[in-house]
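Structural characterization, general
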Amino acid sequence: MSKIYTLIPMLMFFTVASSQNQSKSNEEIIRAYFEGFVNKDWSQVAAQLDKDFTFTSPAPDDHINATQFKDKCWPQSQHIRKFEYVKIVDLADEAIAIMHVVTSEGKILRNVEYFHFKNRKILSIEVFFGGTGAGYPTNAK
C-alpha cells in the first residue's frame with residue numbers, strides 16, 4: 001500500500017508539468033526563445049524549437065534546419081543585449097512579433113518575425129529586417 005502512496009505525488013508532478021507546458025502561450029514561447037539569445041543559452045533556444053524547425057530570412061536563409069540555424073545565426077547572440085517587444089500578435093498556431101533588437105554596441109535593429117507553431121513548439125520562423133536596413137548585429141550597414 002505504501003508504494004501506491006509513493007506513486008501519487010510522482011503522478012501529480014508529471015500531470016502538473018505536462019499541463020504547464022501545454023498552457024504556455026505563443027507569446028511566452030517567443031519570449032523564452034529570445035531570452036535564450038540574451039542569456040547566451042543555446043539550450044534555452046533549442047528547447048522552444050520543434051524537431052522539424054526551419055528558419056528563413058533575407059540573410060539569405062531559405063528554410064534552413066536547426067543545425068544550420070545554430071551554425072549561422074547563433075553567433076549573433078554574442079552581439080545582442082536585449083529585445084524590446086513592440087507588438088506580439090497571437091494567431092492560434094501562428095504569431096507575429098515586431099521587435100527592436102538592441103545590440104551590445106547600442107545599435108537598434110527592427111525585425112518582424114512570423115512564427116508557426118506545432119505542439120507548443122516553434123515549427124518555423126520567417127524574419128523580415130527593417131529600420132535602417134542593418135539586418136542583424138554584425139552587418140556592416
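Below you will find a few notes about this structure. (Residues numbered from 1 in each chain as written. Predicted model: local features only at pLDDT ≥ 70, side-chain atom pairs only at ≥ 80, totals over all residues. Heavy atoms only, no water.)

1. Notes on the nonpolar core
The criterion, for reference: Take the buried residues of types Ala, Val, Leu, Ile, Met, Phe, Trp, Tyr and Cys, join any two whose side-chain atoms come within 4.5 Å, and each joined set is a nonpolar core. Three exposure classes are used, based on accessible area relative to the maximum for each residue type with a 1.4 Å probe and protein chains only: buried under 20%, partly exposed in between, and exposed over 50%. Only DSSP runs of H or I covering at least 4 residues are called helices, and only runs of E covering at least 2 are called strands; the numbering of each starts at the N terminus. Only heavy atoms enter the contact rule, under which two residues are in contact if any of them lie within 4.5 Å.
Y33, F69, F115 and I122 are the most contacted members of the largest nonpolar core, which has 27 residues in total. At the level of secondary structure, the elements contributing two or more residues to this core comprise helix 2 (26–39), helix 3 (42–46), strand 1 (49–57), helix 4 (66–73), strand 3 (80–91), strand 4 (94–103), strand 5 (108–118) and strand 6 (121–130). When sequence neighbours within four positions are dropped, the list of residues in contact with F115 reads I30, Y33, F34, D93, E94, A95, A97, I122, S124 and I125.

2. Comments concerning the pattern of salt bridges
Cut-off, in case you're wondering: One side-chain nitrogen of Lys or Arg within 4 Å of one carboxyl oxygen of Asp or Glu is enough to make a salt bridge.
Considering all chains together, one arrives at five salt bridges under this definition. The partner of D52 in a salt bridge is K118, and the shortest N-O contact between them spans 3.9 Å. Highlighted residues: D52 in strand 1 and K118 in strand 5, separated in sequence by 66 residues. Where K72 meets D61, a salt bridge forms, and the shortest distance between an N and an O atom there is 2.7 Å. Here D61 lies in strand 2 (residues 61–65) and K72 lies in helix 4, a separation of 11 residues in the sequence. By relative accessible area, which is 38% here, K72 ends up partly exposed. Salt bridges here are not isolated pairs; linked through shared partners, they connect K51, D52 and K118.

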